[in-house]
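Inside the fold
Given next are the chains, with one letter for each unit.
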Amino acid sequence: MQFATWNVNSLTVRLNQLLDWLAANPVDALVLQETKLTDDKFPHADLEAAGYQSQWFGQKTYNGVALLTKVGSTDIVKNIPGFADDQARVIAGTVPHDSLGSVRLVGCYFPNGQAPDSDKFVYKMAWLTALEAWLQDELSRHPNLVLMGDFNVAPTDADVYDPIGWKDQIHCTVEERAHFDKLVGLGLTDAFRLFEQAPKPWTWWDYRNLAFRKNQGLRIDHILVSDALKARTTACAIDKAPRKNERPSDHAPVIVTLA
DNA sequence: ATGCCTTGCTTAGCAAGA
């Protein structure tokens with residue numbers, strides 16, 4: 001099976017690119033971030049015509065997440081239970097799996113955090129702490145779990161084009177990386193690093209400064225697999241192709257393959 | 001460099017992203 005994550009930075013602008021991508025990459029499930037749509041505007045009919053059933057959770061202007069699956073998903077959760085949040089950042093659901101029975105998919109748009117000394121950073125830390133507590137619970141109920149999305153964290157200096165320039169900057173702080181390690185400590189593995197990868201494996205490139213052309217980016221979109229799924233994970237790759245589109249998202253999709 | 005794009009909201013610049 002294949003699962004993927006993609007921050008589309010406005011589903012309104014990127015719908016046709018998404019449909020093209022799904023036609024070329026018929027993954028079993030895809031989580032989206034930054035749909036930037038209220039729920040009444042979600043294009044579920046277009047996605048259904050493309051062979052995908054949608055679960056969605058959005059808001060006006062900002063954030064917004066969705067879970068698209070070929071065969072449908074159950075036990076949907078929107079945002080972190082018990083964590084009061086007016087921002088739409090989490091959608092989780094369960095999909096059937098031939099030999100495992102089922103796999104729990106958790107799609108997240110982690111807070112950006114803006115700057116280490118900002119209120120938004122304080123919110124990011126609180127959100128991460130709440131996510132960890134909930135995921136510990138989720139993992140106990142669903143050993144076969146995949147956590148994927150835009151983490152807005154570059155886990156190591158190898159995930160940053162200019163580690164010196166980005167040192168202690170947002171996405172690269174000690175505190176954010178400690179939270180990433182905490183997620184790993186729950187029994188999750190960065191699927192991308194299970195495999196040998198080409199250097200400069202970014203998932204995001206700034207729209208400014210010709211960053212994509214110069215390949216100046218960060219690896220901040222991730223897929224983490226639970227211990228029970230680790231041995232069945234056979235590939236994980238970033239698809240840079242959509243970043244070359246006209247009017248692209250600034251993020252590229254990441255795909256994991258499970259046996 | 002309080003900049004550089006892009007998006008949404010609203011219609012001229014902001015807020016926010018990363």
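Structure report, in brief. Bear in mind that the values here come from a model prediction, so they are computed numbers and not experimental data.

Some remarks on unusual backbone geometry
A positive phi angle is found at Asn 215, which is not glycine, with a value near 50°. Assignment of secondary structure puts Asn 215 in the loop between strand S10 (204-205) and strand S11 (217-218).

Examining the sheet that holds strand S8 (residues 145-150)
Across the sheet, 6 strands lie side by side as S5-S6-S7-S8-S12-S9; this open sheet has mixed pairing. The sheet is open, and its two borders are formed by strand S5 (74-78) and strand S9 (188-190), each paired with just one other strand. Averaged over neighbouring strand pairs, the angle between their axes works out to 20° when direction is ignored. Inspection of the sheet shows S8 paired to strand S12 (residues 221-226) by 5 bridges, in the antiparallel sense. Within S12, the position partnered with Gly 149 by the bridge is His 222. Set on the sheet, helix H3 (residues 119-141) makes contact with S5, strand S6 (90-97), strand S7 (101-109), S8, S9 and S12; between it and S7 the angle comes to about 175°.

Quick word on the protein's contact with DNA strand B
Within the structure, DNA strand B sits among 25 residues, and Ser 10, Asn 112, His 171, Trp 204 and Asn 209 are positioned closest to it. The sugar-phosphate share of atoms of DNA strand B within 4 Å of the protein amounts to 68%. Between DNA strand B and Asn 112, the relevant distance is 3.1 Å, taken from a base nitrogen to a side-chain nitrogen or oxygen of the residue. Among the elements that take part in the surface near DNA strand B, helix H1 (residues 11-24) stands out by supplying 3 residues, more than any other. Within the surface near DNA strand B, the residues separate by chemical class into 7 nonpolar, 11 polar and 7 charged.

Some words on the layout of surface pockets
Considered as a void within the structure, the largest pocket measures approximately 780 Å³ in volume. Taken together, 32 residues make up the lining of the largest pocket; nearest its centre are Tyr 109, Asn 112, Gln 114, Asn 152 and His 171. For the lining of the largest pocket, a count of residues per class yields 12 nonpolar, 12 polar and 8 charged.

A look at H3
Under the 1.5 Å per step criterion, the end-to-end length of H3 is 33 Å for 23 residues, consistent within 8% with the ideal 33 Å. Burial in H3 covers these residues: Phe 121, Lys 124, Met 125, Trp 127, Leu 128, Ala 130, Leu 131, Glu 132, Trp 134, Leu 135, Glu 138 and Leu 139.

Let's talk about the side chain of Ser 10
Looking at the element boundaries, Ser 10 is found in the loop between strand S1 (2-7) and H1. Take Ser 10: its relative accessible area is 12%, and that puts it in the buried class.

A look at the pattern of salt bridges
Taken as a whole and assessed by the stated rule, the structure comprises 12 salt bridges. Residue Asp 159 pairs with Arg 219 through a salt bridge whose shortest N-O separation is 2.7 Å. Here the residue Asp 159 occupies a position in the loop between S8 and helix H4 (174-185), and Arg 219 occupies one in the loop between S11 and S12, the gap between them amounting to 60 residues. For Asp 190, the salt bridge goes to Arg 219, with nearest N and O atoms at 2.7 Å. On the criterion of sequence distance, the pair formed by Asp 190 in strand S9 and Arg 219 in the loop between S11 and S12 is long-range, its members being 29 residues apart. For Asp 190, a relative accessible area of 10% gives the class buried. Given the relative accessible area of 1%, Arg 219 is considered buried.

Reading the values: rules and limits
Residues numbered from 1 in each chain as written. Chains lettered and ligands numbered in written order. Predicted model: local features only at pLDDT ≥ 70, side-chain atom pairs only at ≥ 80, totals over all residues. Heavy atoms only, no water. Helix = DSSP H or I, 4+ residues; strand = E, 2+ residues; numbered from the N terminus. Pairing = 2+ DSSP bridges. Axes fitted to C-alpha atoms, helices over the stretch in contact; angles between N-to-C directions. Contact = heavy atoms within 4.5 Å. Near = heavy atom within 4 Å. Polar contact = N/O pair within 3.5 Å; in protein donor to acceptor, adjacent residues only side chain to side chain. Nonpolar A, V, L, I, M, F, W, Y, C, P; charged D, E, K, R; others polar. 1 Å grid on protein atoms, 1.4 Å probe; cavity = no way out; pocket = protein on both sides within 12 Å on 5 of 7 lines; lining within 4 Å. Points joined across faces, edges and corners; volume = space filled by probe spheres on them. Expected span 1.5 Å × (residues − 1). Buried < 20%, exposed > 50% of the residue type's maximum accessible area, 1.4 Å probe, protein only. Salt bridge = Lys/Arg side-chain N within 4 Å of Asp/Glu carboxyl O.

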